[in-house]
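Below are the chains, spelled out letter by letter.
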Amino acid sequence: MTELKNKLLTAVEKMPAFPQSVNQVLKLTGDINCSQRDLVEVIKRDPVFTLKILRLVNSAYFGLSREITSINQASVYLGLNTLKNVALGLAAVGAIPKSAGKHLDMGGFWLHSLAVATATRMLGLKLGVSRDDAADYFAAGLLHDVGKAVFALYMPEEFEDVSGRAAEPGAAFYQCEQDVIGANHADIGAMLAKKWNLPVELHDAIARHHSVGSGESSQLLDCLFAANQITKKLSFGAAGDFEIEPLPDSVRERFFMDMEELIEELPTLDEEVERARIFIKLGEA
């Protein structure tokens, strides 16, 4: 067990760290007394990051009626939580080394992640979450599978074996990881979330997105689980996992709907995912 843990820790330690500005953003926004001015000042110190955020804020993804020309304006229009998650999403996409593409189809991976992010956010809004708080739901969906990239980068042989097994009908990817590696992408994703100092609710969403239905659940986790299955059912991208899991009772009770009914509640998912592609384009730039 210790040997496995050391192997996982070594892989996580090899992952690039976030830029200092993003670390400061996460530290600030974790403080209940964080002021808008403090957050704006931290972001403004990183001109490249400032430019990326402004391009994203002025994109069709947000669809604002006027052009935003400063981080200060962005914080007023979007809210601090949304601004934090925009910074976090861009940083996370940028932190995945390009070499992950040798063993993981990054185009399919990011499309799946974006679709899960978008669907998680839409489901949260349907349950009455505010637009600013819904940014947490988007971030959870965007990063839920980030552990797969760690395996693809730093445990490539095991990851290839897992991918082959998971292609068989009825095989769940995370179960194949457990069989081959002794841990799954949720486990190593949670370790990466700790390295990156991600907020606790985001760490928990990454850690538990395959264990919904066993143990204590939350609204965010239920939305994430449902979004993940819906996205697989609708074939948005691919992250190696093709097995669609049934919705646990807690998720069905949360929405008073089954999966087919939930899909009907998301008629604009296609268009919203298309608009969200800017996250990947800017993050990888």
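Positions within a chain are numbered from 1, following the residues in the order the chain's sequence is written. Only residues with pLDDT of at least 70 get local features here, since the model is predicted, and only at 80 or more are side-chain atom pairs given and counted; chain-wide, interface and lining totals rely on the full set of residues. To get the side-chain values, all heavy atoms of the structure are used, and hydrogens and water are removed first.

Turning our attention to empty space enclosed by the protein. Only protein atoms enter the 1 Å grid, on which a cavity is a set of points fitting a 1.4 Å probe that cannot get out and a pocket is an open set with protein on both sides within 12 Å along at least 5 of 7 lines, lining residues being those with an atom within 4 Å of a point. Grid points are joined across faces, edges and corners, and a volume is the space filled by probe spheres set on the points. Throughout the structure, instances matching the rule amount to one cavity of 30 Å³ or more. Here the largest cavity is characterised by a volume of approximately 40 Å³. Lys84, Asn85, Leu88, Asp136, Ala139, Pro199, Glu201 and Leu202 are the residues that line the largest cavity. A run of H or I in DSSP counts as a helix once it spans at least four residues, and a run of E counts as a strand once it spans at least two, with each numbered from the N terminus. Looking at the lining of the largest cavity, the elements that each hand over two or more residues are helix 6 (80–95), helix 8 (134–143) and helix 13 (200–208). Among the elements that make up the lining of the largest cavity, the one with the highest residue count is helix 6 (three residues). Here the lining of the largest cavity is composed, by residue class, of four nonpolar, one polar and three charged. Following the grouping adopted for this structure description, the nonpolar residues are Ala, Val, Leu, Ile, Met, Phe, Trp, Tyr, Cys and Pro, the charged ones are Asp, Glu, Lys and Arg, and the polar ones are all others, Gly among them.

Next up on the list: unusual backbone geometry. Of note in the backbone geometry, Ser235 takes a positive phi value of approximately 55° without being a glycine. Note that Ser235 resides in the loop between helix 14 (219–233) and helix 15 (249–255). A simple rule labels every residue: compare its accessible area, found with a 1.4 Å probe on the protein chains alone, to the largest value its type can have, and call it buried under 20%, exposed over 50%, or partly exposed in between. By relative accessible area, which is 60% here, Ser235 ends up exposed. Even without being glycine, Phe256 reaches a positive phi, approximately 55°.

So, on to the pattern of salt bridges. We count a salt bridge whenever a side-chain nitrogen from Lys or Arg sits within 4 Å of a carboxyl oxygen from Asp or Glu. Per the stated rule, a full pass over the model turns up 12 salt bridges. Two residues, Lys84 and Asp136, come together in a salt bridge whose shortest N-O distance is 3.7 Å. Here Lys84 is found in helix 6, whereas its partner Asp136 is found in helix 8, with 52 residues between them in sequence. For the pair Lys84 and Asp136, one class covers both residues: buried. In this structure, Arg254 engages Asp222 in a salt bridge whose closest nitrogen and oxygen atoms are separated by 3.0 Å. Here Asp222 lies in helix 14 and Arg254 lies in helix 15, a separation of 32 residues in the sequence. Asp222 sits in the buried class, given a relative accessible area of 1%.

Each turn of an α-helix holds 3.6 residues, which means side chains three or four residues apart point in the same direction. Of all nine residues in helix 9 (residues 146–154), eight are buried; the element is thus mostly enclosed. The complete set of buried residues in helix 9 reads Val146, Gly147, Lys148, Ala149, Val150, Phe151, Ala152 and Leu153. Contact partners of the buried residues in helix 9: helix 1 (2–14), helix 7 (106–126), helix 8, helix 10 (156–166), helix 11 (173–180) and helix 12 (185–195). Contacts: residue pairs with any heavy atoms within 4.5 Å of one another.

In this section: the nonpolar core. Only buried residues count toward a nonpolar core. Its members are Ala, Val, Leu, Ile, Met, Phe, Trp, Tyr and Cys residues joined through side-chain atoms within 4.5 Å. In this structure, Phe18, Ile53, Ile96, Trp196 and Leu198 are the most contacted members of the largest nonpolar core, which totals 103 residues. For this core, the element with the most residues is helix 7, which contributes 11 residues. Once residues within four sequence positions are removed from consideration, Ile96 is found in contact with Met15, Met106, Trp110, Val146, Ala149 and Trp196.

The next thing to look at is the environment of Asn184. Assignment of secondary structure puts Asn184 in the loop between helix 11 and helix 12. Among the residues examined, Asn184 registers a relative accessible area of 9% and is labelled buried. With 59 residues separating them in the primary sequence, Asn184 and Leu125 have C-alpha atoms 30 Å apart. For Asn184, the contacting residues outside a window of four places in its chain are Phe151, Tyr174, Glu177 and Gln178.

A word on the packing of helix 12 against helix 13. What counts as an axis is a line fitted to C-alpha atoms, over the stretch in contact for a helix, and the angles between N-to-C directions run from 0 to 180 degrees. Remark: helix 12 packs on helix 13, axes separated minimally by 7 Å, with the N-to-C direction vectors making an angle of 165°. As judged from the angle between their axes, helix 12 and helix 13 are roughly antiparallel. Note that helix 12 runs across helix 13; the crossing there is right-handed. Seen from helix 12, the contacting residues are Ala186, Gly189, Ala190, Ala193 and Lys194; seen from helix 13, they are His203, Ile206 and Ala207. A class-by-class count of the residues in the contact of helix 12 with helix 13 yields five nonpolar, two polar and one charged. Each angle receives one of four descriptions, namely roughly parallel if under 35 degrees, roughly antiparallel if over 145, roughly perpendicular if within 65 to 115, and oblique otherwise. By the definition used in this description, the sense in which the near helix is turned from the far one sets the handedness, with an anticlockwise turn below a right angle giving left-handed and a clockwise turn giving right-handed.

Centres within 6.5 Å make a pair out of two Phe, Tyr or Trp rings, where for Trp the six-membered ring is used; the pair is then stacked when the planes are under 30 degrees apart, edge-to-face when over 60, and tilted otherwise. Considering all chains together, one arrives at seven aromatic pairs under this definition. Here Tyr61 and Phe62 contribute two aromatic rings whose centre-to-centre distance is 4.8 Å and whose plane-to-plane angle is 80°, an arrangement assigned as edge-to-face. The class of Phe62 is partly exposed, set by a relative accessible area of 21%. Arranged with centres 5.3 Å apart and planes meeting at 90°, the rings of Tyr61 and Phe279 form a pair that is edge-to-face. Here the residue Tyr61 occupies a position in the loop between helix 4 (47–57) and helix 5 (71–78), and Phe279 occupies one in helix 18 (residues 278–284), the gap between them amounting to 218 residues. Assessed through its relative accessible area of 2%, Phe279 is described here as buried. Looking at Lys148, its charged tip hangs above the ring of Phe173, at a distance of 4.6 Å from the centre. For a lysine, the NZ atom is tested; for an arginine, the CZ atom; a charge sits over a ring if that atom is within 6 Å of the ring centre and within 35 degrees of the ring normal.

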